[in-house]
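Inside the fold
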Amino acid sequence: MDFFSAQDDARRKTRWLIVLFVLAILSLVVLTNLFIMLFVEYTNDYYVQDHTPMTFWQQFNWQRFLAISAGVVVVILAGSGIRTLSLRGGGKTVAEMMGGRLVSGNPRTPLERRLVNVVEEIAIASGTPVPQVYVMEHEPGINAFAAGYTTGDAVVAVTQGTLEKLNRAELQGVIAHEFSHIVNGDMRLNIRLIGILFGILMVALIGRLLFRWGALGGSRNSKENNGVPLIVLGLGLIILGYVGVFFGNLIKAAVSRQREFLADASAVQFTRDPTGIAGALMKIGGDSQGAIINHPDAEELSHAYFEEGTRHLFTSLFATHPPLEERIRKVLPGWDGEFVVPQKPDLAEIQKEEDARTEPRLDPQDMMLGGVILGSVLDNIGKAGSPEAANVAQARHMLEYLPGELHEAAQEPYGARALIYALVLDEDREILEKQMWHLQDKADTGVAMLTEKHMGQVKRLAPKLRLTLVDLAMPALRQLSPEQYRLFKDNLQALIEMDGEITAFEWALHRIILHNLDAHFEHRISRIGRYKQLSRLSREIALMLSYLAHNTHDSKMDALHAFQAAARELEMEGLKFLNESELDLEALDEAMEKLAQLKPLLKPQLLKAAAACVTADGKVTALEMELLRAFSSLLDCPLPPLPDAEA
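To start, this report covers the structure provided alongside it. (Residues numbered from 1 in each chain as written. Predicted model: local features only at pLDDT ≥ 70, side-chain atom pairs only at ≥ 80, totals over all residues. Heavy atoms only, no water.)

Regarding the nonpolar core
Nonpolar side chains in soluble globular proteins tend to end up buried together. Leu115, Ile175, Phe488 and Ile513 are the most contacted members of the largest nonpolar core, which has 140 residues in total. For this core, the element with the most residues is helix H21 (residues 504-521), which contributes ten residues. Excluding anything up to four places from it in sequence, Phe488 contacts Arg417, Ile420, Tyr421, Leu477, Leu480, Ile513 and Leu517. One finds Val29, Leu210, Leu237 and Val245 within the second-largest nonpolar core, a separate group that totals 25 residues. (Core = buried A, V, L, I, M, F, W, Y, C linked by side-chain atoms within 4.5 Å. Buried < 20%, exposed > 50% of the residue type's maximum accessible area, 1.4 Å probe, protein only. Helix = DSSP H or I, 4+ residues; strand = E, 2+ residues; numbered from the N terminus. Contact = heavy atoms within 4.5 Å.)

Concerning helix H9 (residues 274-286)
End to end, H9 covers 18 Å across 13 residues, agreeing with the expected 18 Å (1.5 Å per residue, within 8%). Every buried residue belonging to H9 is among Gly276, Ile277, Ala278, Gly279, Ala280, Leu281, Met282, Lys283 and Ile284, and all of these are buried. (Expected span 1.5 Å × (residues − 1).)

What about the packing of H9 against helix H11 (residues 324-331)?
Their axes nearest at 9 Å, the elements H9 and H11 cross at an angle of 160°. The angle between the axes of H9 and H11 places the two elements in the roughly antiparallel class. Seen from above, H9 lies across H11 with left-handed handedness. Seen from H9, the contacting residues are Pro274, Ile277, Ala278, Leu281, Met282, Ile284 and Gly285; seen from H11, they are Leu324, Arg327, Ile328 and Val331. (Axes fitted to C-alpha atoms, helices over the stretch in contact; angles between N-to-C directions. Parallel < 35°, antiparallel > 145°, perpendicular 65-115°, else oblique. Left-handed = near helix turned anticlockwise from the far one by under 90°.)

Observations regarding the pattern of salt bridges
Within the structure shown, the criterion is met by 22 salt bridges. In this structure, Lys489 and Asp518 form a salt bridge, with 3.6 Å as the shortest nitrogen-oxygen distance. Taken together, the residues span a long stretch of sequence, with Lys489 in helix H20 (residues 482-497) and Asp518 in helix H21 at a distance of 29 residues. For the residue pair Lys489 and Asp518, the accessibility class agrees, reading buried in each case. Lys489 is the partner of Glu522 in a salt bridge, and the nearest nitrogen-oxygen pair spans 3.0 Å. A residue pair is termed long-range when its members are at least 10 positions apart, and Glu522 in the loop between H21 and helix H22 (538-552) and Lys489 in helix H20 qualify at 33 residues. Here Lys489 falls in the buried class, since its relative accessible area comes to 18%. Each of Arg101, Glu112 and Glu137 takes part in one network of salt bridges that share partners. (Salt bridge = Lys/Arg side-chain N within 4 Å of Asp/Glu carboxyl O.)

Structural notes on the environment of Phe21
Tracing the chain through its elements places Phe21 in helix H1 (residues 3-49). Each residue touching Phe21, except ones within four places of it in the same chain, is listed here: Leu193, Ile196, Leu197, Ile200, Gly248 and Ile251.

This is how it looks when you write it as structure tokens:
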């Protein structure tokens, strides 16, 4: 299953999930109604009227039934809404809820350094912004999870046991598995599950509260038994609420299990090393701690873990993951059935291994740049969201060419802002001076100095490394306060507009920054699958392809031919080619926001049309490649690094 099919499958599963939970809620509403109506009738008869009650159906009252139904639904929806709202902060909120400590930009040990390096490599290989990395340092079991609504607010969290008990290949297998959940749309589904289940649990929580009130009332007035009705009502609601949770957990487990096989297969495709993820699973089986998460909220997130993180009385019913043995044999058919006991890590050896991966750095200007043809571009579009081992190797290769000083600067908030500012500094000396004066006056203290320090190296970067630098800076930029982020956005826009024109790269950089960071700071979540036909967005598609054609070809005639090639790829009649004077960047921004809401299976068609537009002259320059990757990012279709291109 490719990336686009996986996202479409996630949408279908979300719809079925909603249907199943609606049925569960309706059943809970009916049962709660029957119980409360019986309780009210029998309580009135025995404690107030003191006579033989009429049969239940003779006293059945539709008005009361609907009122109670509305009350139960409001309780469930309110509970679900409150819980979902509490997780509105995305992955960061979930990781901190589970006791995670942020290690991005500040790894304390060689094990944490290795973790951050692995996450960076796989993020760049998959074409996604690097997520923030957390460690649950009080969890000795081997486990991990990815959380968030989008790639823009995603995090990856691992337990301390994962750091200490897995080797690099096994850790890479686990992280690749979690990246499959990030790019395939599973994270958003996971957070929705948390909210819905908490809403159902609200019935039981209210019952528990009534039970306690009744018990307290009865103990104070033991002769009158005033607390008995509340105790009975509370106990009934507790039972009904947990029955709802029981069936809710069954649905959660059923939805989750199949996604794990897909994520395991994706991890093998990432690394081309089935022994990595298989080794991690074998160590879980051989470790005394297994994959158990001890945190009090562990059950709430059980469906998001790498492996079953909680114990259940009815394991086969509530298991959110397939059996360990079955998962291992799926990726390693020749497995002998023996688990592996983890050994203590050699920290000195790990430090030496990670140092060898980052030093010595190569000159970024010497990066090999060769021609690219349409076939290789289309091949990478086919691998969107599910890159292969070659992409991981290329990601490591790109990191080798990135100067170590820039890599380190990208990992902390001040340096990250300075690098982004440096990417948009002008070549004209007079405009450059204005930009630097603006930063000294408006930016946070020290940022202007760091921008000046790094701008020389940034300008010497090979073009294809610029988006890599942006991806690496994302975790540090997410650490800004809301006020710092607003100032950062204002300054970036001011620097871009200072020369009176906005280049294609500047537009793409600005949109990528806003697209990913607004999801984190302003909790903007685009609606996936809103548009089910390309024809509904023909104006927006024409605007996108016209902009791409004009900015990747020298003459108007060449741009027109490129646009026509894209239109043929889409098989859409009536697409209007726009002249440069007709292009409006604000309209383009709005167009990209709408195009990101296309049904997932339509997006590869649009990306292939964009590729046909860019490659109409038979080649792709580094700048054109950059622009194509930028458009794929704005469409929420992470594109692995493309093959080397011309400068």
